[in-house]
Amino acid sequence: WLKFSLHRRADATRNRHSTFPEMRVAGSFVATAVASSSASAETANPIRRVVSLLQSMQVKIEAEGEKQDKLFAKFQCYCESNTAKLADSITDAKAKIDSLATDIESSTQDRTQTVADLAAAKESRESSNKAIADATAQRNKENAAFESTSSDLKTNIAALDKAIPAIENNMEAFMQTGTSALLQAVKSARDVSEYDRTTVQSFLQAKGQSTEGYTPQSGEIVGILKQMQDTMKADLKEATTKEAEALSDFNELVASQNKAIQAATDSIEEKTEQSGELAVQIVQLKNEKSDVAEQLEADTGYSQQLGEDCEQQTKDYAAVKQTRSDELLAIADTIKILNDDDVLDLFKKALPASSLLQVQTTQKEVAAQALAALKGAHSNRPGLDLIALALHGKKMSFDKVIEMINGMEDALKKEQVDDDSKKAYCAKEFDETEDRFKELAHEKERLDQAHGNLDATIKDTKEKIAALEQGIKDLDKAVAEATENRKEEHDDYVSSTAQDQAAVQILEFAKNRLAKFYQPKQYKEAPKRVLSDEEKMYSAYGGDIGTTPAPGGLAGTGVSVGFVQIKQHTVDAPPEAPKVGGYETQKGGGVMGMIDRMVNDLKTEMNQHKLEEEDAQEDYEKMMKDSAEKRAADSKAVSENESALAEAQSDLSTNHDNRKANAKNNAETHSYNQDLHQACDFLMDNYDTRKSARTEELEALDKAKSVLSGADVAFVQTQRKGGKFMA
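Residues numbered from 1 in each chain as written. Predicted model: local features only at pLDDT ≥ 70, side-chain atom pairs only at ≥ 80, totals over all residues. Heavy atoms only, no water.

Participant: Which parts of the structure should I look at to understand the overall build of the protein?
Facilitator: Counting secondary structure elements, the protein contains twelve helices and zero strands. Its helices and strands in sequence order give the protein the pattern α-α-α-α-α-α-α-α-α-α-α-α, from N to C terminus. Looking at the protein as a whole, 32% of its 727 residues are labelled buried. For the protein, the proportion of contacts with a sequence separation of at least 24, taken over those separated by at least 6, is 86%. (Helix = DSSP H or I, 4+ residues; strand = E, 2+ residues; numbered from the N terminus. Buried < 20%, exposed > 50% of the residue type's maximum accessible area, 1.4 Å probe, protein only. Contact = heavy atoms within 4.5 Å.)

Below, the structure is given as structure tokens:
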């Protein structure tokens, strides 16, 4: 559109100023014709008519000069005002481009920092989640240790609370009760000397045996037990206090980390939104900078073209003014010469009026022939009317008419060249505009398709993120449930194994007791009491360390389900007792065989439980590893999809701007196409007609010029026959 406007302005400028000489010459011939008509009555002195004609020409030229000066002043004002406006527009555009470049750089830096802050916030959230997980694992471990210690201390304190009053109030009743729990309490007591511990153990082990020779030690025993009781209560209080403090610290840590996670989540949401907004802003700034750069290029080109046109027109008009001044000077000098009284007297005598009439008669005939030739062009062109008007004049020079015809022919030829050029230009612009419409249509189709793809991508990405986050939640829940199930299964395994082991020990104990009677060789004596160094020293000095206490536990076997050590025992079944004369013992062997089978069944069951526990633990550990890897992969996928979502949203914003730009370009192209049709349709529809009419005009002008050129020769011959010559 800018290119077309420049051509149209330049054509209008050239056409406006190219009429200056034609208007001047045509006006001269009009003045000549008018002067010739008004001077027809002056037959006394023909030169007076020539002077009157020159004076009329002088008036016309001065009037036209004033009119042209006013038009040129307006043109100069147009040049100056538009040059200033374009200069201001160019300056503003350059400043705007610099400002936009600074804004783009600043926004790019802000987005880079925002992306870095977003990554830091995500890392901080992951770190806080890990800290909570680690703290939770440590807290569970500490709590399990506390529960175990607390349970043991409470059990031992309960045993001491029951035993101390019994020993103080009813020693005989106490001697009839079980002491396994009390023995365990004594064994696990802290801050007790080995002597006191041994003293109490000996006292308890002696319970239930013959009381003959028994020396009451209840006072000393009660004191030791109370000391143990106080120590255990203090330990329980201290452990409970530490547990409460640890739980409080854990809760504070979790609360602090949850606040950090919430802050990081808020920051992630804020930075994600900010990053998207900055990306859109950068695209918009770049588009605006591109638009301003295009406008700057257009203004710079038009300013340069305007300057060149204004400079050229100024030079041309200076030449027009100089020519007009020269013409006025020549007319003034001629009038001065012809108005001299002596010259007038001379021409009255030397140039009769009749000779001039004879010349006029000859010129009229030639002018009539030239007019007939011009009418053959069938044209309403103003230039031809001016030539015809000049030929109607009473007194004229055919040389100037021929000059007008030559000028008209040049103008017609130039118009034809301009029509040819404009036709080619219009055809080229029509083709380019049609191509532009196709390009814009293809671009719109591509942008619409890209818009649909981006919408689908954003929707799919959001669904993926939601699915991944839900999957992480489900995975965490499954891991928690699996951990709880594994703990319950392990507790069941420990309890079941303890029971089976206790049953095996009791059966072996019963079998050994039967063997003492039925198979004495297979009988195993109970382990002798191993004296400590203090007991050995005490016994060496005559002290009574008492007898080995009877075993406690279930049925006096020393087996306790709650404190069984879980380990495998491989005990071969005893051989069958040999038959001897006398008392039959087959029934005893049968019972012992049944015990062996039961022991073997229990051991088989324990081995099976052990294998199942190992398999379950291995499966659990594998599940934990796989779950951790999956959670890490899903978290990474969430982060990647969030980045992809932000990028897709930024691309969607860019696509939206591109679609708006496409619609704007399409509207501008339609507007330009309408302007192009307005400027070109008349020429394209009437090109052949205009060319044909112009050809006829040129042929008519050539004929008229040929007639006038031939008339000049005849005119000279006529004057020579009359004895006079008019220059």
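Participant: Before we go on, may I ask you to explain the confidence of the model for the protein in this structure?
Facilitator: On average, residues of the protein score 75 in pLDDT, and 69% of them reach the 70 mark or higher. Note that pLDDT drops below 50 for residues 352-361; the model gives that stretch twelve contacts with residues more than four away or on any other chain. Residue range residues 563-588 is modelled with pLDDT below 50. Its contacts to residues more than four positions away, or to other chains, number 34 contacts. (pLDDT = per-residue confidence, 0-100.)

Participant: Looking at this structure, I do not really get the side chain of Ser-128. What am I missing?
Facilitator: With respect to the helices and strands, the residue Ser-128 is situated in helix H2 (residues 46-169). Not counting residues up to four positions away in its chain, the partners in contact with Ser-128 are Gln-257, Ala-260 and Ile-261.

Participant: Can you help me understand the nonpolar core in this one?
Facilitator: A general tendency of soluble globular proteins is for nonpolar side chains to be buried together. Judged by nonpolar contacts, the single largest core of 21 residues is most densely connected at Leu-160, Val-200, Leu-225, Met-228 and Met-232. Elements represented by at least two residues in this core include exactly H2, helix H4 (180-188), helix H5 (194-206) and helix H6 (218-338). Top contributing element to this core by residue count: H6, with seven residues. Counting ten residues, the second-largest nonpolar core is a separate cluster that includes Ile-458, Ile-465, Leu-468 and Ala-648. (Core = buried A, V, L, I, M, F, W, Y, C linked by side-chain atoms within 4.5 Å.)

Participant: Quick question: what am I supposed to make of the pattern of salt bridges here?
Facilitator: Any two side chains of opposite charge can pair if their charged atoms end up close together. As enumerated under the stated definition, the model contains 24 salt bridges in all. The network of salt bridges with shared partners includes Glu-415, Asp-419, Arg-690 and Arg-694. (Salt bridge = Lys/Arg side-chain N within 4 Å of Asp/Glu carboxyl O.)

Participant: Can you walk me through a negative patch on the surface in this structure?
Facilitator: A surface patch of like charges, here negative, comprises Glu-612, Glu-614, Asp-615, Glu-618, Asp-619 and Glu-621. Tracing the backbone shows Glu-614 in helix H12 (residues 586-721). On the basis of relative accessible area, Glu-614 is assigned to the partly exposed category, the value being 41%. (Patch = residues over 30% accessible without salt bridge, like charges linked within 9 Å, V, L, I, M, F, W, Y side chains within 5 Å. Areas by Shrake-Rupley, 256 points an atom, 1.4 Å probe, with all protein chains shown as cover. Lys, Arg positive; Asp, Glu negative; His and termini not counted. Charge placed at Lys NZ, Arg CZ, Asp CG, Glu CD.)

Participant: I tried to follow the packing of aromatic side chains on my own but got confused; where do I start?
Facilitator: In this description, a pair of aromatic rings is defined by centroid distance and the angle of the planes. Under the criterion given, the structure shown has three aromatic pairs. When the centroid spacing of 6.1 Å and the interplanar angle of 35° are considered together, the rings of Phe-72 and Phe-75 count as tilted. A residue pair is termed a helical-turn pair when its members lie 3 or 4 positions apart in one helix, as Phe-72 and Phe-75 do in helix H2 at three residues. A residue is classified by how much of its surface remains accessible, and Phe-75, at 5% relative accessible area, is buried. Summarising the aromatic geometry, the rings of Phe-72 and Tyr-317 are spaced 4.3 Å apart at their centres and angled 15° between planes, so their arrangement reads as stacked. Note that Phe-72 is positioned in helix H2 and Tyr-317 in helix H6, a separation of 245 residues in sequence. An identical accessibility class is assigned to Phe-72 and Tyr-317; each is buried. An aromatic cluster is present here, built from Phe-72, Phe-75, Tyr-78 and Tyr-317 joined pairwise through their rings. (Phe/Tyr/Trp six-rings, centres within 6.5 Å; stacked < 30°, edge-to-face > 60°.)

Participant: Would you mind going over the state of the cysteines with me for this structure?
Facilitator: By definition, a disulfide links the sulfur atoms of two cysteine residues through a covalent bond. Tallied over the entire structure, the rule returns two disulfides. Sulfur-sulfur distance for the disulfide between Cys-79 and Cys-310 comes to 1.9 Å. Disulfide Cys-79 to Cys-310: torsion about the S-S bond roughly -95°, handedness left-handed. Here Cys-79, found in helix H2, pairs with Cys-310, found in helix H6; they are 231 residues apart in sequence, far enough to count as distant. Across the pair, Cys-310 and Cys-79 agree in class, each one buried. One disulfide bridge connects Cys-426 with Cys-680, the sulfur atoms lying 2.0 Å from each other. Given an S-S torsion of about -70°, the disulfide between Cys-426 and Cys-680 has left-handed geometry. Of the two residues, Cys-426 is situated in helix H10 (residues 398-518) and Cys-680 in helix H12; the sequence distance between them amounts to 254 residues. Judged by relative accessible area, Cys-680 falls into the buried class, the value being 0%. Disulfide connectivity for the protein, with bonded cysteines indexed by sequence position, reads 1-2, 3-4. Looking at the unpaired Cys-77, the closest cysteine sulfur is the one in Cys-79, lying at 9.4 Å. (Disulfide = S-S within 2.5 Å.)

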